[in-house]
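# Overview (structure and organization)
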2 protein chains.
Amino acid sequence: MALLDCFSPGGGSFRLTELARGAGLSKTTAFRLTGELVRLGLLERDGDTYRLGGRLFELGSLVPRRSSLRETAVPYLQDLFEATRETVHLGIRDDHDVVYVERIHGHGAVQLPSRIGGRLPLTCTGVGKALLAFSEGELVDEVLAAPLRRLTSYSIDDPVRLRTVIEQVQASGIAYEEQEAADGVSCIAAPVFAGRGIAVAAISLAVPRGRFRPAQLAPAVRTAALGLSRALREGL
Amino acid sequence: MALLDCFSPGGGSFRLTELARGAGLSKTTAFRLTGELVRLGLLERDGDTYRLGGRLFELGSLVPRRSSLRETAVPYLQDLFEATRETVHLGIRDDHDVVYVERIHGHGAVQLPSRIGGRLPLTCTGVGKALLAFSEGELVDEVLAAPLRRLTSYSIDDPVRLRTVIEQVQASGIAYEEQEAADGVSCIAAPVFAGRGIAVAAISLAVPRGRFRPAQLAPAVRTAALGLSRALREGL
DNA sequence: AAGAGCTGTTCCGCGTCATGGAACAAACTT
DNA sequence: AAGTTTGTTCCATGACGCGGAACAGCTCTT
């Protein structure tokens, strides 16, 4: 795992020595372990560089919560994309982060820090705020107690201000985010419920700041989120 | 890996004893190893049952070939879905199997054996035939030499017949498949090229047999495949 | 009610197998 | 041509993973 974690931020490829250093192993053991990982399909070797292996992709696609959610969500994300032609996200919460499960975009999509399987702080993203606002008990307090991470100069780092934002989300059922995750792009999100009151996922639209029209986008996002919520309830 | 492989066919959840048996380990070591895997996030424990962990999803999403292909392909798959409203597949080859990388479908989608990250024999699927027809040198011979697996009663198990089918695909640039992977559903596919002549992926449409109109679907599939091919070339 | 068959969990002594330093060859840079 | 990388092999040492045995909690059976 120490070796595989070297790839965690953004994939890519590494040489043996880099992996050994990154994992804190001696070159000898790194050599033997990478050989083993290649044999298992978890790593692939191309000349003298290593990258993550296809086996990981297959195993990762089998993770239950993620893959079943994704499967039933796709049609609703699809509808939302067709109605708005903007980048659609589906995310879930893990600890204090949002993990993106699906992302649908058209040809000229804006560059975003979100990536399927990627993590971002709950507090900097529309999906994160929607998840946080409808999370169990003391999570909001926990998150507000920790120092708030920032991704841009617009990211909210004041716990007091963030709390009122969260309360607005709870009242309206819609979360906004304006350039807090990436410069020049705003975001509108809605929570997805499976049972009572706590969100199991959230859907968002990421829109270039120039054409951000919340009044037109909000109903579409809500509709998608409600449709998915209903589908998840019926699926059970 | 022996433990993780227990989940390989279709995910789900298992108890400790099942995992020990499935992996060929003593209950004691299975206990210790599952504990370790849970600690690493590769497994999740819920009461007395285990399932694959979120970490695997994240690592799997970082696998380079898969994720970059997927990222640039999504808009084209999107277009294809909107034009046809049928289930869209994107697959690559691994050994003698096709591995599905993306799948887009609408609300009333047909039940299919294909799943993202799932494997099916090259010879039973549209995507597989397209990949096989434009693969390197001796792969066709290799595949035809091995006994041909069957998924339905329509699956081709005669090497001679399959060879002529492959040659038709090579000539036309379009692969057909009729109920060879699942009863009641047919398929039309086109190869995606990155450089010269060998396919790096393939795009397919899966259509209920009742409304399978190849003449109307073929141009759409080819257009999507050509568009993606161009995007991959320019991306490099 | 009390046993029989499960489950997951802990303990522990044996023996294996992973470890990392040292030495090596090849391919770079200087 | 010397020097510093790289990946690779060898090997003695000892830590640590191994599985059998024993235990505790549970559900059924009788």
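Reading guide: rules and limits
- Every chain begins its residue count from 1, and numbering advances along the sequence as written.
- Both sets of labels track the order of writing: A upward for chains, 1 upward for ligands.
- Restriction of local features to residues with pLDDT of at least 70 applies here, the model being predicted, together with a cutoff of 80 or more for giving and counting side-chain atom pairs; totals for whole chains, interfaces and linings are based on all residues.
- To get the side-chain values, all heavy atoms of the structure are used, and hydrogens and water are removed first.
- How sure the predictor is of each residue is captured by pLDDT, a score from 0 to 100.
- Strands here are runs of E lasting at least two residues and helices are runs of H or I lasting at least four, both read from the DSSP assignment and numbered beginning at the N terminus.
- We call two residues contacting when some pair of their heavy atoms lies within 4.5 Å.
- Summed over both partners, the accessible surface that disappears when two parts come together, traced with a 1.4 Å probe, is what is meant by buried area.
- What makes a salt bridge here is a side-chain nitrogen of Lys or Arg within 4 Å of a carboxyl oxygen of Asp or Glu, nothing more.
- Counted as a polar contact is a pair of N or O atoms within 3.5 Å, where, for protein atoms, one must be capable of donating a hydrogen and the other of accepting one, and residues adjacent in sequence contribute only when both atoms are in side chains.
- Residue classes follow a fixed rule: Ala, Val, Leu, Ile, Met, Phe, Trp, Tyr, Cys and Pro count as nonpolar, while Asp, Glu, Lys and Arg count as charged, and any other residue, Gly among them, counts as polar.
- Here a residue counts as near a molecule or strand whenever at least one of its heavy atoms sits within 4 Å of it.
- Superposing the copies works by least squares over the C-alpha atoms of residues that have pLDDT at least 70 in both of them.
- Accessible area is worked out with a 1.4 Å probe on protein chains only. A residue is then buried under 20% of its type maximum, exposed over 50%, and partly exposed in between.
- Whether two strands pair depends on DSSP finding at least two bridges between them.

Glancing now at the confidence of the model for chain A. Scored by pLDDT, chain A has a mean of 95; 100% of the residues are at 70 or more. Within chain A, the element-level pLDDT minimum falls on helix α2 (residues 16-23) of chain A, averaging 93, and the maximum on helix α6 (residues 126-133) of chain A, averaging 98.

In this section: the interface of chain A and chain B. In this complex, chain A contributes 51 residues to the contact, which on the side of chain B involves 51 residues. For the pairing of chain A and chain B, the buried interface totals around 4400 Å² over both sides, and the portion due to carbon and sulfur atoms is 58%. The largest contributions to the chain A side of the interface with chain B come from A:M1, A:F57 and A:L62, which together make up 16% of the buried area. In this structure, B:R103 and A:E71 form a salt bridge, with 3.0 Å as the shortest nitrogen-oxygen distance. Taken together, the connections running from chain A to chain B amount to 15 residue pairs in polar contact (both at pLDDT 80 or more). Contributions of two or more residues to the side of chain A that touches chain B are made by α1 (2-5), β3 (49-52), α4 (54-60), α5 (64-84) and β5 (97-104) of chain A. Take the side of chain A that touches chain B: its biggest share by element is 12 residues, from α5(A). Here the side of chain A that touches chain B is built from residues that sort into 22 nonpolar, 13 polar and 16 charged.

The full set of residues close to DNA strand C is A:S26, A:T28, A:T29, A:R32, B:R15, B:L16, B:T17, B:K27, B:T28, B:F31, B:R45 and B:D48. Near the protein, meaning within 4 Å, the atoms of DNA strand C are sugar or phosphate in a fraction of 64%, with bases accounting for the rest. At a separation of 3.3 Å, a sugar or linking oxygen of DNA strand C approaches a polar side-chain atom of B:R15. Within the side chain of B:T17, a nitrogen or oxygen atom sits 2.3 Å from a phosphate oxygen of DNA strand C. Listed by contribution, the elements that provide at least two residues to the surface near DNA strand C are α3 (27-40) of chain A together with α2 (16-23) and α3 (27-40) of chain B. Per-class residue counts for the surface near DNA strand C are 2 nonpolar, 5 polar and 5 charged.

All names here are of chain A. Mapping S155 onto the fold places it in the loop between α7 (139-145) and α8 (159-172). Polar contacts involving the side chain of S155 include one to the main-chain carbonyl oxygen of E180, which spans 2.6 Å. In contact with S155, not counting residues within four places along its chain, are C124, R149, R150 and E180.

Our next topic: the relation of the copies chain A and chain B. These two copies of the chain differ by a rotation about an axis and a displacement along the same axis. Superposition of chain A onto chain B requires a rotation of 180 degrees combined with a translation of 0.0 Å along the rotation axis, giving an RMSD of 0.0 Å. Both copies are brought into coincidence by an operation consistent with a two-fold rotation axis. Every residue of chain A has its C-alpha some distance from the rotation axis, and the shortest such distance is that of A:G60, at 2.4 Å. Interface residue correspondence from chain A to chain B reaches 100%, placing this contact among same-surface, isologous pairings.

Residues and elements named next belong to chain A. Of the two faces of strand β7 (residues 175-178), only one is covered, namely that formed by A175 and E177; the face formed by Y176 and E178 stays uncovered. With 4 bridges joining them, β7 and strand β8 (residues 185-193) adopt antiparallel strand pairing. Paired with Y176 across the two strands is I188, which belongs to β8.

With that settled, consider the sheet that holds strand β2 (residues 43-46) of chain B. All names here are of chain B. Taken in spatial order, the 3 strands line up as β1-β3-β2 in an open sheet, and their pairing is antiparallel. Of all strands in the sheet, those with a lone pairing partner are β1 (14-15) and β2, marking the two edges. As paired strands, β1 and strand β3 (residues 49-52) are joined by 2 bridges and run antiparallel to one another. Considered in β3, the bridge of F14 is made with Y50.

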